[in-house]
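Chains, contacts and geometry: an overview
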Amino acid sequence: MQILVINSGSSSLKYQVRDTQAEEVLLEGLIERIGQAEGGAASNPVTDHAAALELVGAALGELRIDAVGHRVVHGGERFSEPVLIDHEVTRAIERLNPLAPLHNPANVLGIRAISAKWPELPQVAVFDTAFHRTLPEYAWRYAIPAELYERHGIRRYGFHGTSHEFVSRQAADFLGLPGQSFDGVVAHLGNGASVTAIKAGLSIDTSMGFTPLEGLVMGTRSGDLDPSILVFLGRQGYSAEQIDDLLNRESGLLALSGSNDMRSVVEAAGSGQQAAQLALAVASYRLAKYIGAYHVAVGGMKALVFTAGIGENSAEFRALVVAKLAALGLVLDSAANAVRSKAARLISAVDSAIPVLVVPTDEERAIAEATAGLVSRLS
Ligand code: ADP
């Protein structure tokens, strides 16, 4: 099948056409600055998501498309797997807008633009939250009054689920284990970062919560902090918008080191800059604590898996994290850790108590495969 994968953000639209049999990318592109026309529409014709899809249509040319798979950030409590999109599903995604105000409205715009342009094409929604629908209640509940959950849906949802699921299946394959018997910990370390505890192939805990802000130190997000800090800042006169910006866009590696790019942070630390060294120490310590906690949650991990931009490429950051897990018997093979490769690989030493892997993620491939699977079952 030839699947058009759409990842629609508020001002950008990423697309890929994948052949799911040949496991091949036939076409890909990125349209940016949607609706941000400066000096009138003439200087930027991409006025909205429908205009962006006209550009995608032109790029497709004669290429056959059998179905469209959308990355949808928030599936709330309803969606635990990919679904075929109809009007009712679109409205259900739209009703989740308050939980993901930056993302879900853009996803809905993308879905509607496709329905208008190619009404006969099956569309599938693949949710970032879906893989985490198996979290037990003791892991997803916050210890706050139940009314906040019942009235506002305030609970932990988790994100990056498509990646965590894909990577854990690949890791199980690599180790020669059936997916249903994989107990492990997956660290997805990109600009956003999260770590997931996987027991018998299912997500049982994950570091992102109500929003992607909870958990690890990220490029520009703080991760965990004492919620009283927000109250304190509110009393100091910070607006909700300012606090949101502060914690989501001005914190993390950027706040600690001056850069949100791991390559620059590692380089600066290597040349002796103390702020960068501290940033690496804070981020690797936070992640190592989570891995230790999730080792307990899964009853003893059979593998630790690194993925995404930092997880796949930063041997330095991986080494810092694994060094902090020596108490669990984890030992890296430093030569294997230094190898640059696009393939799944083992980076732990033979005497490591638990194997450590690097497994490249591919969310577009996972979305294309889920879409093809669902559409072919239904037709
Ligand atoms: P996104 O969450 O936007 O998909 P990515 O998965 O692409 O992000 O990860 C981006 C992060 O990966 C950045 O911090 C970047 O510095 C880091 N990264 C990419 N390549 C390397 C590399 N060769 N060495 C170290 N870090 C890298």
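What you are looking at is a predicted structure, and each value in this text was computed from that prediction instead of being measured.

1. Some remarks on the site of the ligand
Within the structure, the ligand sits among 13 residues, and N191, D261, M262, G309 and N313 are positioned closest to it. Contact distances for the ligand include 2.8 Å between an oxygen atom and a side-chain N or O atom of N191. A distance of 2.9 Å separates an oxygen atom of the ligand from a polar backbone atom of G309. Here the ligand has 580 Å² of accessible area as a free molecule, and 69% of this is covered by the chains. Those elements giving two or more residues to the shell around the ligand turn out to be α10 (262–270) and α12 (308–313). Among the elements that make up the shell around the ligand, the one with the highest residue count is α12 (four residues). Among the residues forming the shell around the ligand, the class breakdown is three nonpolar, seven polar and three charged.

2. Considering the side chain of S222
Here S222 is to be found in the loop between β9 (202–206) and α7 (228–235). Once you skip the residues sitting within four places of it in the chain, S222 turns out to touch L213, L216, V217, L247, S251, G252 and R286.

3. Some points on the sheet that holds strand β10 (residues 303–307)
Read from one edge to the other, the open sheet built from six strands follows the order β9-β8-β7-β10-β12-β11, with strand pairing classed as mixed. At either end of the open sheet lies a strand with only one pairing partner, and these are β9 and β11 (345–346). Bridging between β11 and strand β12 (residues 356–358) involves two bridges; their strand directions are antiparallel. Following the sheet pairing, R345 is matched in β12 by V358. Most of the contacts of helix α11 (residues 274–297) go to strand β8 (residues 193–199), to which it runs at about 15°, and overall it touches β7 (184–189), β8, β9 and β10.

4. Regarding the nonpolar core
Core analysis: the biggest nonpolar cluster contains 46 residues, and L189, V195, L287, I291, L304, F306 and F317 have the highest contact counts within it. Elements with a contribution of two residues or more to this core: β7, β8, α10, α11, β10, α13 (315–323) and β12. With nine residues, α11 is the largest single contributor of residues to this core. The contact partners of I291, leaving out residues within four places of it in the chain, are V185, V195, M301, L304, V321 and L325. Core analysis: the second largest hydrophobic core is formed by 18 residues, I6, L60, I114 and W118 among them.

5. Considering the pattern of salt bridges
One pass over the full model with this rule turns up 19 salt bridges. Residues R249 and D244 are paired through a salt bridge, measuring 3.3 Å at the closest nitrogen-oxygen approach. The partner of D261 in a salt bridge is R263, and the shortest N-O contact between them spans 3.2 Å. Taking the relative accessible area as the measure of exposure, D261 reaches 26% and is therefore partly exposed. What you see here is one network of salt bridges that share partners, running through E23, R365 and E369.

6. Remarks on unusual backbone geometry
Positioned with a positive phi, R33 is a non-glycine residue whose angle comes to about 55°. When you line up the elements, R33 lands in the loop between β3 (24–31) and α1 (49–60). Although it is not a glycine, A308 sits at a positive phi angle of roughly 75°. Positionally, A308 belongs in helix α12. You can call A308 buried: its relative accessible area is 5%.

7. Topic: the packing of aromatic side chains
What the rule picks out here adds up to four aromatic pairs. Both rings, one in Y157 and one in F210, keep their centres 6.4 Å apart while their planes meet at 35°; by these two values the pair is tilted. Of the two residues, Y157 sits in the loop between α5 (146–152) and α6 (161–175) while F210 sits in the loop between β9 and α7, which places them 53 residues apart along the sequence. Exposure remark for Y157: the relative accessible area of 5% places this residue in the buried category. When the centroid spacing of 5.7 Å and the interplanar angle of 70° are considered together, the rings of Y290 and Y294 count as edge-to-face. In this pair, Y290 and Y294 are both assigned in helix α11, four residues apart and thus about one turn of the helix distant. On the basis of relative accessible area, Y290 is assigned to the buried category, the value being 15%. With a relative accessible area of 4%, Y294 lands in the buried category. A cation over an aromatic ring shows up here: R155 above the ring of W140, its NZ or CZ 4.0 Å from the ring centre.

Conventions adopted
- Residues numbered from 1 in each chain as written.
- Predicted model: local features only at pLDDT ≥ 70, side-chain atom pairs only at ≥ 80, totals over all residues.
- Heavy atoms only, no water.
- Near = heavy atom within 4 Å.
- Polar contact = N/O pair within 3.5 Å; in protein donor to acceptor, adjacent residues only side chain to side chain.
- Areas by Shrake-Rupley, 256 points an atom, 1.4 Å probe, with all protein chains shown as cover.
- Helix = DSSP H or I, 4+ residues; strand = E, 2+ residues; numbered from the N terminus.
- Nonpolar A, V, L, I, M, F, W, Y, C, P; charged D, E, K, R; others polar.
- Contact = heavy atoms within 4.5 Å.
- Pairing = 2+ DSSP bridges.
- Axes fitted to C-alpha atoms, helices over the stretch in contact; angles between N-to-C directions.
- Core = buried A, V, L, I, M, F, W, Y, C linked by side-chain atoms within 4.5 Å.
- Buried < 20%, exposed > 50% of the residue type's maximum accessible area, 1.4 Å probe, protein only.
- Salt bridge = Lys/Arg side-chain N within 4 Å of Asp/Glu carboxyl O.
- Phe/Tyr/Trp six-rings, centres within 6.5 Å; stacked < 30°, edge-to-face > 60°.
- Lys NZ or Arg CZ within 6 Å of the ring centre and 35° of its normal.

So yeah, pure geometry; function would need other evidence.
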